[in-house]
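Residues per chain are reported as follows:
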Amino acid sequence: MQDIAEQLQAWHTSGRSFAVATVVGVSGSAPRDPGAALAVDAAGEAIGSVSGGCVEGAVYELCQAAIESGEPVLERFGYSDEDAFAVGLTCGGILDVFVQPVVPGADAGLDAGIAYIASGTPVALARVIAGPGGLVGATVAVTADTHHGALSPAPSTVGALERAIVAEARAMLDAGRTGRVVLGLDGRPCDEHEQGTVTCFVESYVPAPRMIVFGAIDFAAAVVRIGKFLGYHVTVCDARPVFATARRFPDADEVVVDWPHRYLDSQLDRIDGRTVLCVLTHDAKFDIPLLERALRLPVGYVGAMGSRRTHRDRNARLREVGLTDAEIARLRSPIGLDLGSRTPEETAVSVAAEIIAHRRGGSCLPLSAGDGPIHHDVARAEDAAVQDGDTPRPHAA
């Protein structure tokens, strides 16, 4: 909902009823990740997307029906070759979509959640998508230190379950994770196949992940632009004030004049496992102090520009300052994938491709070169579920 939060807040503030359809589960080559959302208001206006077009029409109708009935619904869309005209995913994937009607002022959890999302405040929205009928659609908005909403008008009857949902949602918010949680009515973790369970979909809304680009060079401007395109909050840092200017990097969220290692030291409370560090300074006096710190931090990606000769020299210097081979192995250098890039823009595409592949587990081979899954992260999650005995299956709507 983060992508459409501004419009949802406008509808909510004006008192307009609407329905939100959210992707709560995917399998195979589904087009959108969990959390993707489409919303329809009482006048029929639609915003957002859940499938890139495959099932938008059917989901739009589900939203209209939910506004009319006031009842939430969980619907599964998949591919069926039995009926060429059936609504489904032509790519062969499976998409679980939860449709929830929203009446401003009627649900404290949804009211607070929408307000938090629109304001940019980190929040986890936990919604019951399957379970006893009286609980389906119940929503709790959870922040780092409080929560809003309840699972029942009489909280004592579901106190243990609600406390467990709040605890799970807060842990997922801290990790920036979105996904399903299955609990028993007593709040204990359960297998999805057990009877008498409650399935919650928890969406974590956290600030955009950070990309810090060190080195105010011409290649950096292109990396900044593609970083913004990928949804990062992008900072450019360089110790040379003549180069590190907002005029040279108009697309950056921040331009900082400071020594790279000193700036990184000042940002330890603002970086996490999603943070991307692109070291483009190509100068040992900047690179070595910076990488000595960066390769010991729990960030998602560290890449450094330079030739193979520069890379070998850099590795030797890093060993001299005490980094282990395991720490040095985290460094992606020369930065980017081998696309034959020459221009700054082509190089930026190369860097972005490597960041995506590293995050999603891609092979970096042409899709036409294999016949395996297109979405590697989804495949890994499904493999893990099967190993744990949690085979994906349809859910009752």
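Every value quoted in this text rests on a predicted model; they were computed, and no experiment measured them. (Residues numbered from 1 in each chain as written. Predicted model: local features only at pLDDT ≥ 70, side-chain atom pairs only at ≥ 80, totals over all residues. Heavy atoms only, no water.)

Right, let's talk about the pattern of salt bridges for a bit. Applying the stated criterion across every chain, the model contains 22 salt bridges. Notably, a salt bridge pairs Arg188 with Glu194, separated by 3.5 Å at the nearest N-O pair. Given the relative accessible area of 40%, Arg188 is considered partly exposed. Looking at Glu194, the relative accessible area reads 33%, which means it is partly exposed. (Salt bridge = Lys/Arg side-chain N within 4 Å of Asp/Glu carboxyl O. Buried < 20%, exposed > 50% of the residue type's maximum accessible area, 1.4 Å probe, protein only.)

Looking now at the nonpolar core. Within the largest apolar cluster, 25 residues are counted, with the highest numbers of intra-cluster contacts made by Met211, Val213, Phe249, Cys278, Leu280 and Ile355. Put simply, the parts of the chain that give this core at least two residues each are strand 11 (210-214), helix 5 (218-229), strand 12 (233-238), strand 14 (276-279) and helix 10 (344-360). Looking at this core, the element that brings in the most residues is helix 5, giving six residues. Apart from the residues lying within four places of it in its own chain, the contact partners of Ile355 are Met211, Tyr232, Val276, Cys278 and Tyr301. Judged by nonpolar contacts, the second largest core, of 22 residues, contains Cys237, Leu291, Val299 and Leu331. (Core = buried A, V, L, I, M, F, W, Y, C linked by side-chain atoms within 4.5 Å. Helix = DSSP H or I, 4+ residues; strand = E, 2+ residues; numbered from the N terminus. Contact = heavy atoms within 4.5 Å.)

We now examine the environment of Ala43. As for its placement among the helices and strands, Ala43 is situated in the loop between strand 2 (37-41) and strand 3 (46-48). Residue classification places Ala43 among the exposed residues on the basis of a relative accessible area of 70%. Remark: the alpha-carbon pair of Ala43 and Arg16, spanning 27 residues in sequence, is separated by 8.9 Å.

In this section: a nonpolar patch on the surface. Together, Phe229, Leu230 and Ile356 make up an exposed nonpolar region whose accessible area comes to about 310 Å². For Ile356, the position within the fold is in helix 10. The class for Ile356 is partly exposed, based on a relative accessible area of 41%. (Patch = residues over 30% accessible without salt bridge, like charges linked within 9 Å, V, L, I, M, F, W, Y side chains within 5 Å. Areas by Shrake-Rupley, 256 points an atom, 1.4 Å probe, with all protein chains shown as cover.)

This part covers the sheet that holds strand 4 (residues 73-77). Backbone-to-backbone hydrogen bonds pair the strands of a sheet. The strands run either parallel or antiparallel. One open sheet holds the five strands; their spatial order is 3-2-1-5-4, and the pairing between them is antiparallel. Two strands close off the open sheet at either side, each with one partner strand: strand 3 and strand 4. Taken over all neighbouring pairs, the strand axes of this sheet differ in orientation by 20 degrees on average, direction set aside. The sheet contact formed by strand 1 (residues 18-27) and strand 5 (residues 94-102) spans nine bridges and is antiparallel. The residue of strand 5 that forms the bridge with Ala21 is Val99. (Pairing = 2+ DSSP bridges. Axes fitted to C-alpha atoms, helices over the stretch in contact; angles between N-to-C directions.)

What describes a pair of aromatic rings is the distance from one ring centre to the other and the angle between the planes of the rings. Counted according to the given criterion, the structure contains two aromatic pairs. Taken together, a centroid distance of 5.5 Å and an interplanar angle of 50 degrees make the contact between Trp11 and Phe18 tilted. With relative accessibility at 0%, the residue Phe18 sits in the buried group. For the pair Trp259 and Phe286, a centre-to-centre distance of 5.0 Å together with 50 degrees between the ring planes defines the contact as tilted. In this pair, Trp259 sits in the loop between strand 13 (254-257) and helix 6 (260-266) while Phe286 sits in helix 7 (residues 284-294), placing the two residues 27 residues apart along the sequence. (Phe/Tyr/Trp six-rings, centres within 6.5 Å; stacked < 30°, edge-to-face > 60°.)

In this section: unusual backbone geometry. Excluding glycine, a negative phi dihedral is what most residues carry, and trans is how most peptide bonds are arranged. For the bond running from Ser333 to Pro334, omega is -5 degrees, close enough to zero to count as cis. Within the secondary structure, Pro334 is located in the loop between strand 16 (331-332) and helix 10. If you check the backbone angles, His282 has positive phi at about 60 degrees while not being a glycine. In this fold, His282 is placed in the loop between strand 14 and helix 7. Overall, the relative accessible area of 45% leaves His282 in the partly exposed class. Phi angles above zero are rare outside glycine, and Cys364 is one such case at about 70 degrees. Along the polypeptide, Cys364 turns up in the loop between helix 10 and helix 11 (376-387). On the accessibility criterion, Cys364 (46% relative accessible area) is partly exposed.

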